[in-house]
Amino acid sequence: MPYVIDDRETPRFRVARSTMVDAAILEEERRNIFDKSWLFVGHESEIDNPHDFRTRNVGGRPIIFTRNADREVRVFVNSCPHRGMQIETRGEGHGRFLKCFYHGWSFNTSGDLVAIPGEDSYGENFDRHNLCLVRPAKVESYRGFVFLSWTNDIADLQTYLAGATDILDLFADQSELGMQIIGGSHLYSVQANWKLLSENSADGYHALTTHHRYLVMLKESGKDLSKVFAAGPAPFMGYDLGNGHAVIGGADGTGGGNSGLGRDLSGDGLLQQMKRRDRFAELYGADWANRMFSGRNLVIFPNLAVIDLIMGITLRTYYPVAPGYMEVSAWSLQPKDDDPELRRMRQENFLTFWGPAGLATPDDVEALQRCQRGFAAHDVAPWNDISRGMASERKIFTDELQMRVFWREWDRRMTGTEHAPETPQLGKRGRVGWPGQLSSTP
Amino acid sequence: MSTRNESAVAAPAQMADAELSREVELFLYHDALLLDEWRLREWFALFTPDCEYLIPTTDRPDGDPEHDLFFVRDDWFLLSQRVDALVDGTAWTESPHSITKHMVNNVMAWLDPDGSVAIRANFVVYRSALSTVDVYPGSYRMRLLRGGPAGFEIQSRRCTLALAQLRPHGRVSVIL
């Protein structure tokens with residue numbers, strides 16, 4: 001039985017629910033997807049100073065993300081080259097040396113083995129250089145977003161990211177001083193297959209129903225929702241960015257300029273926001289500023305979502321522990337130079353929507369978990385339908401193009417099946433407006 | 001707000017006031033009863049109009065909501081919205097709502113010179129839905145004012161989870 005049926009004639013797109021529950025498929029995903037992709041490690045702002053470190057799991061392996069004395073970003077496998085002990089278990093910290101307490105081996109933040117008790121017992125041919133901390137095959141960074149690859153046999157990061165580089169620019173450009181991940185993480189889990197979160201992270205169709213209570217809150221706060229959802233000259237649209245990456249995004253007119261789907265800014269906040277917008281229009285042109293100040297949901301294949309929808313940007317990555325269980329880590333990305341009023345509103349809007357106790361994310365968690373429970377009947381009810389918008393030329397945000405883009409790449413990796421793109425793929429185009437959308441700026 | 005918040009958080013130097021602590025303990029039992037019986041609108045009536053309801057993240061338990069990421073940072077309006085959705089069944093994650101038990105102990109209270117009451121207590125909240133039981137241990141830091149039918153009103157409620165991660169819970173969908 002195929003995993004994906006991509007019927008262009010009817011048209012109809014179906015995905016086998018067995019891909020969500022089968023442990024053998026997860027093992028193949030580890031080999032064919034997670035070991036052959038650029039995976040998100042962290043943002044450079046998380047390790048601002050030399051010897052700052054963070055630990056996390058990337059692609060199922062424990063890593064240390066740090067910066068050495070020369071300020072170079074370094075990623076190491078968090079396992080002692082001697083006998084394998086996980087060296088650092090704190091989530092974050094600062095220190096010139098990484099010390100394994102088991103036998104006292106110490107490493108500097110360049111990964112060199114610098115101290116070893118009783119070194120003379122190893123004989124005169126002993127070479128410390130053979131026992132440095134192990135590194136992933138490749139580590140590269142784009143605009144502060146650091147990724148690793150567990151294989152050497154992969155294109156460079158920018159080639160891999162394809163059109164997603166433009167979208168990352170839309171986030172990175174939002175501060176002249178740089179963007180930063182603020183302190184604190186949302187470390188949670190979802191009892192569902194990891195691919196459901198790649199789907200859900202750019203699913204415009206579920207917003208009105210799943211997030212009913214969030215929208216009620218917005219309305220009660222005085223927000224004019226008709227303005228946000230008006231399909232004016234520039235609605236949110238879906239785009240294929242190549243290599244399995246996709247985005248739904250819009251230009252101003254989709255509620256942008258103020259706070260998108262967040263609570264409206266105060267008078268002073270709006271004034272500050274408009275000042276920023278003018279500044280960016282001056283720097284990068286009106287079309288680009290127009291895109292920056294609207295929203296977008298970006299999913300980078302396989303497991304990174306960066307979403308700017310409510311004026312607080314969330315960055316989340318997730319990894320399967322089992323077919324029906326994933327661990328999610330999410331952070332808040334902000335401009336370093338926000339004025340206090342704007343920062344406060346950004347924070348409030350972020351927390352109101354995002355995270356495991358927001359007014360939106362818990363309902364996503366519930367939806368995904370209920371899907372997973374429904375998949376228990378996959379043998380008698382075997383297919384998910386992801387056809388929405390396949391028949392139309394113009395893909396809007398409530399269509400499911402972005403999910404089909406993910407699944408076509410997934411299927412290519414897993415079975416070797418090549419699926420022709422459904423729409424033109426957006427390569428790197430630079431700081432210009434969206435194609436197919438009219439700018440609402442005069 | 002940050003000044004008030006800090007005073008609610010700071011560890012008072014002197015021993016707790018025994019009589020006041022006992023009084024506050026009964027108030028917290030009342031609070032827990034309303035939550036467990038899902039009488040959430042009555043529970044919400046315990047809050048002052050300038051209230052805050054905070055849950056820091058698991059990796060920043062001492063975080064400052066002005067600068068750090070939190071799980072919850074509700075003011076009166078947002079808390080009212082949270083309660084409404086839990087009551088009317090549109091918080092899908094609590095629809096049908098789970099069974100909870102709020103266990104409260106280690107209650108300590110101090111009277112501040114301004115007449116407000118600073119309290120510290122521990123809690124364990126059990127949440128059961130379908131085949132799972134999630135356990136949320138943590139501590140309360142609250143600022144109470146004298147008044148209202150229950151004897152106190154809640155001005156600030158900070159619930160710090162004693163969890164390293166929100167796994168496998170995945171969410172805090174009930175009120176702590």
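Fair warning: this is a prediction, and the values are worked out from it, not measured in the lab.

This part is about the overall build of chain A. Helix and strand content of chain A: twelve helices and 21 strands. Whereas a compact globule of 442 residues would reach a radius of gyration of roughly 22 Å, chain A reaches 23 Å, a difference of no more than 12%. Dimensions of chain A along its principal axes, counting C-alpha atoms only, are 75 × 55 × 35 Å. Burial analysis of chain A (442 residues in total) assigns 60% to the buried set.

When you go through chain B residue by residue, the secondary structure sums to four helices and six strands. Traced from its N-terminal end to its C-terminal end, chain B shows the element sequence α-α-α-β-β-α-β-β-β-β. Taking 16 Å as the expected radius of gyration for a compact globule of 176 residues, we find that chain B reaches 16 Å, a close match to that expectation. The C-alpha extent of chain B, read off along each of the three principal axes, is 45 × 35 × 30 Å. For chain B, the proportion of its 176 residues judged to be buried stands at 54%. Entry remark: accessible area of chain B is about 7,500 Å², with carbon and sulfur atoms responsible for 58%. Of note, chain B has its 17 positive side-chain charges centred 4 Å away from the centre of its 25 negative side-chain charges.

A few words on the domain arrangement of chain A. When the parts of a complex come together, some accessible area is lost, and that lost area is often taken as the interface size. Residue and element names in this part refer to chain A. Considered domain by domain, chain A is made up of domain 1 (39–142) and domain 2 (163–415). Opposite the ten residues of domain 1 that make contact, domain 2 presents 15 residues. Note on domain 1 versus domain 2: buried area summed over both sides is about 1,100 Å², and carbon and sulfur give 65% of it. At the surface where domain 1 touches domain 2, the tally comes to zero salt bridges. A breakdown of the residues in the side of domain 1 that touches domain 2 according to their chemical character gives three nonpolar, four polar and three charged.

Time to look at the sheet that holds strand E10 (residues 113–115) of chain A. Residue and element names in this part refer to chain A. An order of E8-E9-E10 is seen for the three strands of this open sheet, with the pairing classed as antiparallel. Taken across any chain shown, the strands that pair with only one partner, and hence form the sheet edges, are strand E8 (97–99) and E10. Going from strand to strand, the sheet's axes swing by 40 degrees on average, the running direction of each strand aside.

Let us now look at the interface of chain A and chain B. Each side of the interface is counted separately: chain A has 44 residues, and chain B has 34 residues. Between chain A and chain B the total buried area reaches about 3,300 Å² when both faces are included, carbon and sulfur atoms providing 51% of it. When the buried area of chain A at its contact with chain B is split by residue, Leu187, Leu351 and Ala357 of chain A rank highest and sum to 17% of it. Seen at the junction of chain A and chain B, the total is three salt bridges. Taken together, the elements giving at least two residues each to the side of chain A that touches chain B come down to strand E14 (186–190), helix H5 (207–210), helix H6 (212–220), strand E20 (325–335), helix H10 (340–353) and helix H11 (361–374) of chain A. Taken together, the residues that form the side of chain A that touches chain B break down as 16 nonpolar, 16 polar and twelve charged.

This paragraph deals with the pairing of E14 of chain A. All names here are of chain A. Burial analysis of E14 places five of its five residues in the buried class, which makes it a mostly covered element. Relative to E20, E14 runs antiparallel, the two being bridged by five bridges. The partner of Val190 across the bridge, within E20, is Met326.

Next up on the list: the nonpolar core. By size, the foremost hydrophobic cluster in this structure holds 151 residues, and its most contacted members are Leu298 and Trp410 of chain A together with Val24, Trp43, Leu161 and Leu176 of chain B. Taken together, domain 1 (39–142) and domain 2 (163–415) of chain A each give at least three residues to this core, which thus spans both. The residues contacting Trp43 of chain B, other than those within four sequence positions of it, are Asp31, Leu34, Leu35, Leu79, Val83, Arg157 and Ile175 of chain B. Within the second largest apolar cluster, 14 residues are counted, among which are Ile64, Met85, Leu113 and Ile116 of chain A.

Let's shift gears to unusual backbone geometry. Residues and elements named next belong to chain A. The residue after Thr10, namely Pro11, is reached through a cis peptide bond having omega -10 degrees. By the element assignment, Pro11 lies in the loop between strand E1 (4–7) and strand E2 (12–16). The omega angle of the peptide bond from Phe301 to Pro302 is 5 degrees, so this bond is cis rather than trans. Even without glycine at this site, Arg71 takes up a positive phi of about 65 degrees. Note that Arg71 resides in the loop between strand E5 (61–67) and strand E6 (73–77).

What follows deals with the environment of Val117 of chain B. Residues and elements named next belong to chain B. As for its position among the elements, Val117 is in strand E4 (residues 117–129). Judged by relative accessible area, which is 0%, Val117 ranks as buried. Between the C-alpha atoms of Val117 and Phe152, which are 35 residues apart in sequence, the distance is 9.0 Å. Residues within four places of Val117 in sequence aside, it is in contact with Leu20, Val24, Ala109, Trp110, Leu111, Met142, Arg143, Leu144 and Phe152.

Residues and elements named next belong to chain A. With respect to the helices, strands and loops of the structure, Ser45 is situated in the loop between strand E3 (39–43) and strand E4 (52–58). Under the relative-accessibility criterion, Ser45 is labelled buried at 11%. For Ser45, the side chain forms a polar contact with the main-chain nitrogen of Ile181, separated by 2.8 Å. If sequence neighbours within four positions are ignored, Ser45 has contacts with Met179, Gln180 and Ile181.

In this section: H10 of chain A. All names here are of chain A. The terminal C-alpha atoms of H10 lie 20 Å apart, and with 14 residues this matches the ideal 20 Å at 1.5 Å per residue to within 8%. The complete set of buried residues in H10 reads Leu342, Arg343, Met345, Arg346, Gln347, Glu348, Asn349, Phe350, Leu351, Thr352 and Phe353. Positive backbone phi, approximately 95 degrees, marks Gly355, located one or two places after H10.

In this section: the confidence of the model for chain B. For residues with low pLDDT, the predicted coordinates do not support detailed interpretation. Across chain B, pLDDT averages 93, with 93% of residues at or above 70. Of the regions scoring below 50 in pLDDT, residues 1–9 of chain B engages in 15 contacts with residues more than four places distant in sequence or in other chains.

Let us now look at the sheet that holds strand E21 (residues 383–385) of chain A. Residues and elements named next belong to chain A. Overall, antiparallel pairing links the three strands, which are arranged E1-E2-E21 in an open sheet. A single partner strand is all that each edge strand has here, and the edge strands are E1 and E21. Taken over all neighbouring pairs, the strand axes of this sheet differ in orientation by 20 degrees on average, direction set aside. Set on the sheet, helix H12 (residues 401–415) makes contact with E1 and E2; between it and E2 the angle comes to about 55 degrees.

On to the packing of aromatic side chains. Residue and element names in this part refer to chain A. Per the stated rule, a full pass over the model turns up 22 aromatic pairs over all chains. Taking 5.7 Å as the distance between ring centres and 75 degrees as the angle between the ring planes, the aromatic pair formed by Phe40 and Phe147 counts as edge-to-face. Residue Phe40 is found in strand E3, and its partner Phe147 is found in strand E12 (residues 145–149); the two are separated by 107 residues along the sequence. A residue is classified by how much of its surface remains accessible, and Phe147, at 0% relative accessible area, is buried. Three or more aromatic residues joined by ring pairs make a cluster, and in this case those are Tyr3, Phe34, Trp194, Phe301, Tyr319, Phe406, Trp407 and Trp410. Note that Arg14 overlies the ring of Trp383, its terminal NZ or CZ placed 5.2 Å from the centroid. Directly above the aromatic system of Trp150 lies the positively charged group of Arg61, at a separation of 4.8 Å from the ring centroid.

Criteria and cut-off values
Residues numbered from 1 in each chain as written. Chains lettered and ligands numbered in written order. Predicted model: local features only at pLDDT ≥ 70, side-chain atom pairs only at ≥ 80, totals over all residues. Heavy atoms only, no water. Helix = DSSP H or I, 4+ residues; strand = E, 2+ residues; numbered from the N terminus. Rg over C-alpha atoms; globule rule 2.2 N^0.38 Å. Buried < 20%, exposed > 50% of the residue type's maximum accessible area, 1.4 Å probe, protein only. Areas by Shrake-Rupley, 256 points an atom, 1.4 Å probe, with all protein chains shown as cover. Lys, Arg positive; Asp, Glu negative; His and termini not counted. Charge placed at Lys NZ, Arg CZ, Asp CG, Glu CD. Domains from an automatic or database assignment. Contact = heavy atoms within 4.5 Å. Buried area = accessible area lost by both parts, 1.4 Å probe. Salt bridge = Lys/Arg side-chain N within 4 Å of Asp/Glu carboxyl O. Nonpolar A, V, L, I, M, F, W, Y, C, P; charged D, E, K, R; others polar. Pairing = 2+ DSSP bridges. Axes fitted to C-alpha atoms, helices over the stretch in contact; angles between N-to-C directions. Core = buried A, V, L, I, M, F, W, Y, C linked by side-chain atoms within 4.5 Å. Polar contact = N/O pair within 3.5 Å; in protein donor to acceptor, adjacent residues only side chain to side chain. Expected span 1.5 Å × (residues − 1). pLDDT = per-residue confidence, 0-100. Phe/Tyr/Trp six-rings, centres within 6.5 Å; stacked < 30°, edge-to-face > 60°. Lys NZ or Arg CZ within 6 Å of the ring centre and 35° of its normal.

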